[in-house]
Amino acid sequence: QVQVVESGGGLVQPGGSLRLSCAASGTIFSVYAMGWYRQAPGKQRELVATLTDGLSTNYADSVKGRFTISRDNAKNTVYLQMNILKPEDTAVYYCNCNARSRSYDVRRDYWGQGTQVTVSS
């Protein structure tokens, strides 16, 4: 099985920055993509940013130019640098890891427990 653990959330003032980290561990044959999603109260979970093993990125329009996703393949770790944070960025941020646990397994999505990001003065 693959375990996914996020860290780095917290309270920040508007205009501030935070860096989220996410590490995948356990029995891993191959990681294909990692990314971040978020869910605000009363809203559906939405994509924030993803990064494939081929280093192709995809960002939500609302975070383009402010957030940057990066990845350390050797450590199966993905980061989300969030700058110029806005109150509307407040949400629980979830890490996603699309991986194959063993060579004979199908690719699956593994999720972390989430980390709270609150942007408020």
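Heads up: the structure comes first, above all this text.
So, how was this worked out
- Every chain's residues receive numbers from 1 upward, in the order its sequence appears when written.
- Confidence filtering applies because this is a predicted model: local features only for residues at pLDDT of at least 70, side-chain atom pairs given and counted only at 80 or more, and all residues used for totals across whole chains, interfaces and linings.
- Only hydrogens and water are set aside when side-chain values are computed; all heavy atoms of the structure are taken into account.
- Here, a strand pair is defined by DSSP locating no fewer than two bridges between the strands.
- Strands here are runs of E lasting at least two residues and helices are runs of H or I lasting at least four, both read from the DSSP assignment and numbered beginning at the N terminus.
- To obtain an axis, a line is fitted to C-alpha atoms, over the contacting stretch when the element is a helix, and the angle between two such axes runs from 0 to 180 degrees between their N-to-C directions.
- Working definition of a nonpolar core: buried Ala, Val, Leu, Ile, Met, Phe, Trp, Tyr and Cys residues. They are joined through side-chain atoms within 4.5 Å.
- Think of it in three bands: with a 1.4 Å probe and only protein chains considered, a residue is buried below 20% of the maximum accessible area for its type, exposed above 50%, and partly exposed in between.
- In this analysis, two residues are considered to be in contact whenever any of their non-hydrogen atoms come within 4.5 Å of each other.
- The term polar contact refers here to a pair of N or O atoms within 3.5 Å; inside protein, the definition further demands a hydrogen-donor-capable atom paired with an acceptor-capable atom, and it admits residues adjacent in sequence only when both atoms are side-chain atoms.
- A pair of sulfur atoms, both from cysteines and within 2.5 Å, is called a disulfide here.
- A pair of Phe, Tyr and Trp rings is counted when the ring centres sit within 6.5 Å of each other, with Trp represented by its six-membered ring. The angle between the planes then sorts it: under 30 degrees is stacked, over 60 is edge-to-face, the rest tilted.
- Only Lys NZ and Arg CZ are tested; either one counts as a charge over a ring when it is within 6 Å of the ring centre and within 35 degrees of the ring normal.
- Salt bridge, as applied in this entry: a Lys or Arg side-chain nitrogen positioned within 4 Å of an Asp or Glu carboxyl oxygen.

Another point: the sheet that holds strand β8 (residues 77–82). Taken together, the four strands give an open sheet; going across it, the order is β1-β3-β8-β7, and neighbouring strands pair in antiparallel fashion. For this open sheet the edge positions go to β1 (2–7) and β7 (67–72), each flanked by a neighbour on one side alone. Going from strand to strand, the sheet's axes swing by 15° on average, the running direction of each strand aside. By the bridge criterion, six bridges tie strand β3 (residues 18–26) to β8 in an arrangement that is antiparallel.

A separate point is the nonpolar core. With 31 residues, the main nonpolar core has Trp36, Leu80, Met82 and Tyr93 as its most contacted residues. The set of elements that each furnish at least two residues to this core consists of β1, β3, β4 (30–39), β5 (46–52), β7, β8, β9 (91–100) and β11 (115–119). Ranked by the residues each element gives to this core, the list is headed by β9, at five residues.

Turning next to the environment of Arg38. Mapped onto the elements, Arg38 comes out in strand β4. Separated by 27 residues in sequence, Arg38 and Leu11 have C-alpha atoms that sit 16 Å apart. In this structure Arg38 touches Gln44, Arg45, Glu46, Val48, Ser62, Val63, Phe67, Glu88, Asp89, Ala91, Val92 and Tyr93, once residues within four positions along its chain are discounted. Separated by 2.7 Å, the side chains of Arg38 and Glu46 make a polar contact. Reaching out from Arg38, the side chain makes a polar contact with the side chain of Tyr93 at a distance of 2.9 Å.

Moving on: the state of the cysteines. As used in these notes, a disulfide is a covalent bond between sulfur atoms, one from each of two cysteines. All told, the structure shown has one disulfide when counted by the stated rule. Put simply, Cys22 and Cys95 are joined by a disulfide, and their sulfur atoms are 1.9 Å apart. With the S-S bond torsion at -80°, the cross-link from Cys22 to Cys95 turns out left-handed. Of this pair, Cys22 sits in strand β3 while Cys95 sits in strand β9, and the two are 73 residues apart along the sequence. Cys22 sits in the buried class, given a relative accessible area of 0%.

Counted according to the given criterion, the structure contains one aromatic pair. When the ring of Tyr37 is compared with that of Trp111, the centres are 5.1 Å apart and the planes differ by 70°; the resulting orientation is edge-to-face. With Tyr37 in strand β4 and Trp111 in strand β10 (residues 108–111), this residue pair connects regions lying 74 residues apart in the sequence. Directly above the ring of Tyr32 sits Arg107, whose terminal nitrogen or CZ lies 4.1 Å from the centroid.

Throughout the structure, instances matching the rule amount to four salt bridges. For Arg38, the salt bridge goes to Glu46, with nearest N and O atoms at 2.7 Å. On the basis of relative accessible area, Glu46 is assigned to the partly exposed category, the value being 36%. Residues Arg66 and Asp89 are paired through a salt bridge, measuring 2.8 Å at the closest nitrogen-oxygen approach. Placement of Arg66 in the loop between β6 (57–59) and β7 and of Asp89 in the loop between β8 and β9 is noted, with a sequence separation of 23 residues between them.

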